Amino acid sequence: MFDLKLLILQMVTGVALGSVFVLLSIGLSLIFGMLTVVNFAHGAYFMVGAYVGVYALGVTGNFWLSLVIVPLAVGALGLLTERFLVRPLYGRGIDYPLLLTFGLSYVMMDLVRMVFGSDGQPIGTPPGLGGAVDIGVGNFPVYRLFLIVATAIIVAALWLFIEKTRFGLIIRAGARDPEIVRVLGIDVSKAWLLVFGLGTAIAGLSGILAAPIRAVTPEMGIPVLIEAFVVTVVGGMGSLPGAIVAGLLVGIVYSLSSLYVPDFADTSIFVLMALVLLVRPQGLFGRAGLMS
Amino acid sequence: MLRNSVLNGISRHRVAAVTGFLLVFPWLMPYEALAVNVLIFGLYAMGFNLLFGYTGMLSFGHAAFLGVGSYGTGIVMVHYGWPWYLAIPAGVILASLFGVVIGWMAIRTRGIYFSMVTLALAQCVYFIFYKAESLTGGENGLRGIKLETIDFLGLQIDLLNPTNKYYFLLIFVVMTLWFVSRVLSSPFGAVIETIRENEKRSAACGYDVARTKLVAFVLSAAICGLAGSLRALHLSVVPVDSLHYLTSGQAVMMALLGGMGTFFGPFVGAAAFLLIEDVVTNITKYWQFVAGAVFMTFVLFFPRGIWGSILHWLRQR
């Protein structure tokens, strides 16, 4: 029996799930677009964000305050990473920063285990965001609606920042031709530093945002990293609209397949990726030639 | 002069040199089970190194081939009662077939895209085997792979004895060493290195880059599949973790620690990695921290790896 209301409800669930993917792959894309670094520790920053958020929530008792603390703390961690670990590797081939951040994700996972233990951390739905509301096709959890709205606000803010500010101009120019930007007397390495910090801050923020709908464990960053890669391949690396469209698409495909073909829910997003690879290897919004 | 001739001699007879080392290797290890593990993971890292070190393609999904090799061998032994000498080729062939499919899709992309795509496709393989519970045992892994004695020309070899097992597995490793050495010194071996150095120029010289990459990918998958197949016989179970992302990462770590693009490096890297794991887990449970930190140190300061650095140092003096 086909139920249209159920289909729409499940699609909204997919959009909520996809919001997290959007945030993660925007961070990845931002860093890659500017620095041509693939951050394999992106999932680890996501995980650290969730842990810092749970901790801040425990201390302050205020979810909104922890939404401010997390990006600052995780972003600071990202700044340190770029300055001391990634920067020495510029000019040594594209694989080296990737390998380094991969090793870093091991270190970060065990550091979190040392501080918080290997078990998961409980986090309930933040006060004021619990329960469900009727959205016309059925009841929908308030927190997931909040996720969609929060993502929309973050993406809009980021878009304004990149398109309308002077610093955004430097980012866009630096992504196209860092050499010329340097010739114009702009300190590109400072921009790279800040972009890495910004990307990791968004990863941390998405960690605490996703924490109430995902289990908070030291390993939570691994599946998320892989999902973010799928989104990035589908959308096209370095493309912001690509990250948004592909993130929502992957979320919807996942939630629809878990409703209709639950046995293939986990593999469905990879099938989507494979299809995109066959038809458009550079991704839906990717520019051809960017890969080489 | 003498050093150069010794170095040249070793590199000319690299198969014999590595074989000689591996023959005495069990005596250098604290216990034999570790030597067996180094042998298997050295083979795994060698398969990975053929792709990463020689062809320049950084795959983050090689656990798929190790795992599929294990499952292939395990499934035909447990469910269909095949003997080991047919079960090993079955594992290798299944891994190669997965290599054809994954490689065919992944080589459409380059550079970091390739790493992300191989990682994602390997995760897909993980889910497929995880879900196919009736065949693979799902979360509990595939149990009941029995190989206790081997009848060889009327000789009963007891494989429960770790020394016997080591030398039994060594036979397969030496055959692979010889095979890889032949591949590397063939014209094909020269072409894959030109792809690593400059893909565009290689294509401009008239080589079919896509096909060469795919062949390298499948060869690499087959070798990793053999490693997986031997691992299934060694462990007598196939843990579902063998398909996990972190297992793919192990190949990357071992190949880089040992020295990518060197013939002996993968075994050095496997030994170093497993020794670190063995020693550190005796002191603290946070061995991943140490492994990750050591790996980062190598990426930053010794990208040639242990064996690669030694070779470089010897050649420079």
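As shown above, the structure is provided for reference.
What comes next is a walk through the structure. (Residues numbered from 1 in each chain as written. Chains lettered and ligands numbered in written order. Predicted model: local features only at pLDDT ≥ 70, side-chain atom pairs only at ≥ 80, totals over all residues.)

**Considerations on the overall build of chain A**
Put simply, the rule is: Helix and strand assignments come from DSSP, with helices taken as H or I runs of at least 4 residues and strands as E runs of at least 2, each series counted from the N terminus. As defined in this context, the radius of gyration uses C-alpha atoms, and a globule is described by 2.2 Å times the residue total to the power 0.38. For the exposure call, what matters is how many other C-beta atoms sit within 10 Å of a residue's own: 20 or more marks it buried, 12 or fewer exposed, and in between partly exposed, using C-beta atoms placed from the backbone. It is the C-beta atoms, placed from the backbone, that decide contacts: two residues are in contact if theirs lie within 7 Å.
Broken down by element type, chain A carries eleven helices and two strands. The secondary structure elements of chain A, listed N-terminal to C-terminal, are α-α-α-α-β-β-α-α-α-α-α-α-α. By the compact-globule yardstick of 19 Å for 292 residues, chain A fits well, its C-alpha radius of gyration being 19 Å. Considered along the principal axes of its C-alpha atoms, chain A spans approximately 60 × 50 × 35 Å. With 292 residues in all, chain A has 51% of them scored as buried. Long-range contacts, defined here as pairs at least 24 residues apart, represent 75% of the contacts in chain A between residues at least 6 apart.

**Observations regarding the interface of chain B and chain A**
As a reminder, the rule being used: For this classification, Asp, Glu, Lys and Arg are treated as charged, while Ala, Val, Leu, Ile, Met, Phe, Trp, Tyr, Cys and Pro are nonpolar and the rest, including Gly, are polar.
Listed per partner, the contact involves 34 residues of chain B and 36 residues of chain A. Secondary-structure elements contributing two or more residues to the side of chain B that touches chain A are helix H6 (111-131), helix H12 (245-258) and helix H14 (287-301) of chain B. Residue contributions to the side of chain B that touches chain A peak at 14 residues, all from H6 of chain B. Of the residues that constitute the side of chain B that touches chain A, the class distribution is 24 nonpolar, seven polar and three charged.

**Some remarks on the environment of Leu 67 of chain A**
All names here are of chain A. Note on placement: Leu 67 falls in helix H3 (residues 63-86). The class for Leu 67 is partly exposed, based on 17 C-beta atoms found within 10 Å. The spacing of Leu 67 and Ala 56 is eleven residues in sequence and 9.0 Å in space, taken between C-alpha atoms.

**Notes on unusual backbone geometry**
Most peptide bonds adopt trans geometry, and most residues besides glycine take a negative phi value. Of note, the phi angle at Thr 36 of chain A is positive, near 45°, even though the residue is not glycine. Along the chain, Thr 36 of chain A turns up in the loop between helix H1 (4-35) and helix H2 (42-60). Unusually for a residue other than glycine, Ser 236 of chain B sits at a positive phi of about 60°. With respect to the helices, strands and loops of the structure, Ser 236 of chain B is situated in the loop between helix H11 (209-235) and strand E4 (237-238). With 16 C-beta atoms packed within 10 Å, Ser 236 of chain B lands in the partly exposed category.

Keep in mind that these numbers describe shape and distance, not what the molecule does.
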